[in-house]
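Descriptive analysis of the structure
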Amino acid sequence: MARGKQVAYLFDEAGANSVTARGGKGFGLSELVDLGVPVPPGFTVTTSVARAFAQHGRLPKRLEQQLERQLKVLESRTGKKFGRGSDSIDPLLLSVRSGAAVSMPGMMDTILNLGMNDEVVSTLANKYGHRFSDDCFQRFQSMFNSVVAGGAGNLDDPWLQLEMALIAVLNSWNSRRALIFRKEHGISNGLGTAVNVQSMVFGNLDDRSGTGVAFSRNVATGADQIYGEFLINAQGEDIVAGRATPLPLSELEVWNADVFNQLSGIVRKLEEKRNDVVEVEFTVESGQLYVLQVRNAMRTPEAAATIATHFVWEKRWSKHEALSRVSADQLDALSETTIPQDVLERMDARGRILARGMPASPGVAFGTIAFTSEEAVMLAKTGEPVILYRPDTSPDDLEGMLAADAIVTQAGGTTSHAAVVARALGKPAVVGCVNLDVEMDSVVTVDGRSGAIVSGELTQFGSIDKKEVNLFKRWTKFADASFKLPKLHFSMVSEKVSVNHLVNDFYLADAMAKASVGTELERRAADLKARVHRIVAERLAMYLVVAVASEAQYIFDINRSSLQRECHYEVETLKSVYNADAFSFSATDSMGAIARLKHLPHDQHVSFLRLVKTVFEVWGHVGYGGYGGEKWAAIAGAAENFLCGKINSTVFADHAFDLQHNTGSVFGKHKMLSWKHLLLEDQLDLKKQECDVSRLYSKLRALCPRYSDEVRSLYQRGVSLAIW
């Protein structure tokens with residue numbers, strides 16, 4: 001870490017304003033402040049501190065002075081004092097929360113009500129009553145001892161509390177559950193987490209106070225309505241932990257119409273700005289609304305398809321973008337099972353519905369009941385399907401949740417830890433199931449869409465039948481090549497294929513499709529051309545992304561003053577893909593970047609190519625030797641245009657081959673595509689000179705004797721029919 005570098009930034013302070021530096025939570029808090037949303041004052045300790053801490057095992061010395069400076073600002077803005085209070089001045093209490101660049105819900109530690117000591121408890125009791133002061137103190141002691149002090153008891157020094165809390169949050173980045181979650185989702189261990197220190201606002205102050213989570217749309221079904229939950233006279237952890245079953249957000253309007261209307265306006269404003277469905281955490285303190293976090297909302301597959309369809313209807317997304325916003329896994333899940341209503345009615349009549357709870361994540365699964373995560377893991381190892389049934393879940397249950405086929409909890413709501421993690425894992429979940437009475441080894445079926453728990457194993461399933469979902473599926477099935485977006489297939493990276501063989505298939509299939517027009521082979525040849533060209537283009541696209549990632553890693557190794565000035569945004573954004581910190585990075589891993597890209601949605605693959613294309617163009621202008629330049633900008637641009645649907649498979653693949661033929665810069669960067677250079681040049685010369693199918697077949701075969709079976713079969717069929 002550079003000497004004198006600033007590492008703690010107020011939410012409204014310029015500098016380090018990227019998701020990579022401030023983490024998703026800190027970046028979102030800065031966004032909220034910029035929009036004029038009511039946010040409790042606070043500051044973010046950047047991810048560079050986490051990486052320095054991981055390397056040296058201690059907090060940077062400069063952090064202490066920066067904490068003191070920023071806390072003085074918080075005291076000034078709130079009119080409170082950290083660690084002490086009086087009849088005229090309230091004590092300043094803090095929340096200390098993690099915030100990685102990539103969302104990891106519930107996986108890292110949080111400390112609330114930090115700054116409590118005997119003096120603070122006495123001050124709060126005198127001003128607000130013993131119920132409130134004792135509740136805050138109990139919450140702080142429980143959380144601090146669990147997360148930070150390991151049962152060592154409360155510490156009176158608030159500054160020592162803050163230091164220990166920061167260390168605990170940084171250490172939680174490498175907790176067992178966090179490591180398992182990152183491995184499951186392909187998130188780099190080297191990113192580190194930011195830490196957000198924020199003045200507390202109290203949802204547990206009185207009966208005009210509360211806490212909740214709101215979504216701009218229903219993330220379970222996709223319905224266009226504000227959605228979420230809240231608790232009166234509670235703090236945020238009560239909802240997340242799932243120890244209490246909250247109220248639906250619709251009842252917030254009855255409880256406090258002004259707060260409901262203000263909150264509704266904020267989430268709609270944020271949705272409009274981000275052009276996506278958002279999730280916000282909020283607290284109401286004595287009737288005053290505060291927003292504590294914003295992020296793009298996770299959603300079920302049904303909701304993803306429904307929201308994408310609605311956004312197209314609202315002319316906010318094109319069909320291109322709508323298709324790119326629904327992942328392949330979500331698309332597959334749209335065909336997964338649900339229990340039809342008539343089947344549920346029959347089960348109910350027969351007394352087989354054991355209980356009903358709140359549907360939290362859709363899908364159907366059956367299995368043997370396990371009451372602990374350890375039991376779930378053991379059962380899963382025997383090959384048995386498992387249903388994890390807990391009073392509630394915590395981050396320590398992650399291994400059991402990964403092992404289980406579905407999750408059921410007695411308490412909690414649709415924004416509880418169990419619900420959020422189940423949606424992230426794509427597993428059925430039912431929460432708030434208070435009346436389920438089962439024994440160990442019982443077999444049940446869980447329907448995450450209706451919330452029903454059925455005795456025994458059900459085999460009669462159906463799929464989601466909904467107008468928006470059916471329309472979205474038709475878009476994906478029948479979309480023509482002009483807007484059906486191609487996808488990257490990362491499995492191809494480990495497959496070794498010859499470029500020379502691809503060239504043979506590509507150009508012969510093209511020639512046969514042209515020559516067969518008006519013959520009985522016209523449809524078969526056209527279908528073959530479309531299939532071959534798509535396969536070749538998708539393999540070339542995957543290769544070009546690997547090649548571009550390899551070339552772009554030198555962004556972090558060269559003299560960068562002009563680069564930083566001319567494309568600062570692009571380089572800052574690429575850091576999260578390459579796991580690079582500022583401009584001190586020296587040994588990147590391009591295949592690590594590919595591993596991270598694998599777990600990003602399609603629109604971010606396109607964004608990656610667009611960013612590196614811009615950087616390559618700057619290299620070409622300012623002269624960075626053998627790196628990047630116009631040739632590599634053209635290569636990245638070709639892949640970008642293909643993946644975003646601007647050019648079809650035929651145009652893209654032919655363009656990629658021409659780039660090699662004209663520049664010699666394309667192939668030979670990764671073993672997934674082997675090639676014989678001189679033969680390839682001859683092949684590419686030949687395709688420009690020869691149009692006759694038979695002569696093209698023979699001459700290409702003389703250079704490279706291999707064709708795919710289906711291409712060879714069609715050629716031979718055409719010969720037998722004297723078509724060519």
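For the structure itself, look to the data block above.
Residues numbered from 1 in each chain as written. Predicted model: local features only at pLDDT ≥ 70, side-chain atom pairs only at ≥ 80, totals over all residues. Heavy atoms only, no water.

Counting its regular elements, the protein contains 29 helices and 22 strands. Here the protein holds 724 residues, and the buried ones make up 56% of them. Taking all contacts inside the protein whose residues are at least 6 apart in sequence as the whole, residues at least 24 apart take part in 68%. About 30,000 Å² of surface is accessible on the protein, with carbon and sulfur atoms providing 48% of the total. (Helix = DSSP H or I, 4+ residues; strand = E, 2+ residues; numbered from the N terminus. Buried < 20%, exposed > 50% of the residue type's maximum accessible area, 1.4 Å probe, protein only. Contact = heavy atoms within 4.5 Å. Areas by Shrake-Rupley, 256 points an atom, 1.4 Å probe, with all protein chains shown as cover.)

Attention shifts here to unusual backbone geometry. We note that Asn-233 has phi near 55°; this positive angle belongs to a residue other than glycine. Within the secondary structure, Asn-233 is located in the loop between β9 (227–232) and α8 (236–241). With phi around 55°, Asn-275 is a residue other than glycine that occupies positive phi space. As for its position among the elements, Asn-275 is in the loop between α10 (257–274) and β11 (278–285).

Take helix α4 (residues 118–128) next. If you check which residues of α4 are buried, you get Val-120, Val-121, Thr-123, Leu-124 and Ala-125. Buried residues along α4 sit in contact with β4 (91–92) and α5 (130–149). Sitting at the head of α4, Asn-117 places a side-chain oxygen 3.2 Å from the backbone nitrogen of Glu-119. Phi turns positive one or two residues past the end of α4, at Gly-129, with a value near 100°. (Polar contact = N/O pair within 3.5 Å; in protein donor to acceptor, adjacent residues only side chain to side chain.)

On to the pairing of strand β12 (residues 288–296). The two faces of the sheet receive side chains in turn, since in a regular strand these alternate between them. Pairing geometry for β11 and β12, over eight bridges, is antiparallel. The partner of Glu-281 across the bridge, within β12, is Gln-293. Where β11 folds back on β12, the antiparallel hairpin that results is connected by two residues, among which Ser-286 adopts a positive phi of roughly 50°. (Pairing = 2+ DSSP bridges.)

Turning our attention to the sheet that holds β11. With respect to topology, five strands assemble into an open sheet ordered β10-β9-β8-β11-β12, the strand pairing being antiparallel. Two strands bound the open sheet, and with one partner strand each, they are β10 (247–248) and β12.

Its place among the elements puts Asp-276 in the loop between α10 and β11. With residues near it in sequence (within four places) discarded, Asp-276 still touches Ser-216, Glu-271, Asn-296, Arg-299, Phe-311, Arg-316, Trp-317 and Arg-325.

Our focus in this paragraph is the pattern of salt bridges. Inspection of the entire model under this criterion finds 34 salt bridges. The shortest N-O distance in the salt bridge between Lys-273 and Glu-31 comes to 3.2 Å. On the criterion of sequence distance, the pair formed by Lys-273 in helix α10 and Glu-31 in helix α1 (residues 19–34) is long-range, its members being 242 residues apart. For Arg-268, the salt bridge is made with Glu-271, and the minimal N-O distance between the two is 3.4 Å. With Arg-268 and Glu-271 both in helix α10, this residue pair falls three residues apart, about one helical turn. According to the relative accessible area criterion, Arg-268 is partly exposed, its value standing at 32%. Connected through salt bridges with shared partners, the residues Arg-217, Asp-224, Arg-268, Glu-271, Glu-314 and Arg-316 form a single ionic network. (Salt bridge = Lys/Arg side-chain N within 4 Å of Asp/Glu carboxyl O.)

Let us now look at helix α11 (residues 301–313). Look at α11: 18 Å from first C-alpha to last across 13 residues, which is about the 18 Å you get at 1.5 Å a residue. With respect to burial, α11 is a largely interior element, twelve of its 13 residues being buried. Listing the buried residues of α11 in full gives Pro-301, Glu-302, Ala-303, Ala-304, Ala-305, Thr-306, Ile-307, Ala-308, Thr-309, His-310, Phe-311 and Val-312. (Expected span 1.5 Å × (residues − 1).)

This paragraph deals with the packing of helix α20 (residues 522–552) against helix α29 (residues 709–720). Orientation of α20 relative to α29, taken along the N-to-C sense of each, is 155°, at an axis distance of 11 Å. With respect to α29, the axis of α20 lies roughly antiparallel. Here the hand of the crossing between α20 and α29 comes out left-handed. Across from Arg-524, Ala-525, Leu-528, Arg-531 and Val-532 in α20, the residues of α29 making contact are Glu-710, Val-711, Ser-713, Leu-714 and Arg-717. (Axes fitted to C-alpha atoms, helices over the stretch in contact; angles between N-to-C directions. Parallel < 35°, antiparallel > 145°, perpendicular 65-115°, else oblique. Left-handed = near helix turned anticlockwise from the far one by under 90°.)

Our focus in this paragraph is the packing of aromatic side chains. One pass over the full model with this rule turns up 18 aromatic pairs. A ring pair is formed by Tyr-128 and Phe-132, whose centres lie 5.8 Å apart and whose planes are at 75°; its orientation type is edge-to-face. Judged by relative accessible area, Tyr-128 falls into the partly exposed class, the value being 36%. Classification of Phe-132 as buried rests on a relative accessible area of 2%. The lysine or arginine in question, Arg-182, covers the ring of Trp-173, its NZ or CZ lying 3.8 Å from the ring centre. Sitting over the face of the ring of Phe-311, Arg-316 holds its NZ or CZ atom 4.2 Å from the ring centroid. (Phe/Tyr/Trp six-rings, centres within 6.5 Å; stacked < 30°, edge-to-face > 60°. Lys NZ or Arg CZ within 6 Å of the ring centre and 35° of its normal.)

Time to look at the sheet that holds strand β20 (residues 452–455). Spatially, eight strands are ordered β13-β20-β19-β15-β16-β17-β18-β14 in an open sheet, and the strand pairing comes out mixed. The strands lining the two open edges of the sheet, one partner per strand, are β13 (353–356) and β14 (358–361). In this sheet, neighbouring strand axes are inclined to one another by 30° on average, regardless of whether the strands run parallel or antiparallel. With three bridges connecting them, β13 and β20 associate as antiparallel partners. For Ile-353, the partnering residue across the bridge sits in β20 and is Val-454. Lying on the sheet, helix α17 (residues 417–425) is in contact with β14, β17 (406–409) and β18 (429–431); it crosses β14 at an angle near 40°.

Bear in mind that shape data such as this cannot, by itself, settle questions of function.
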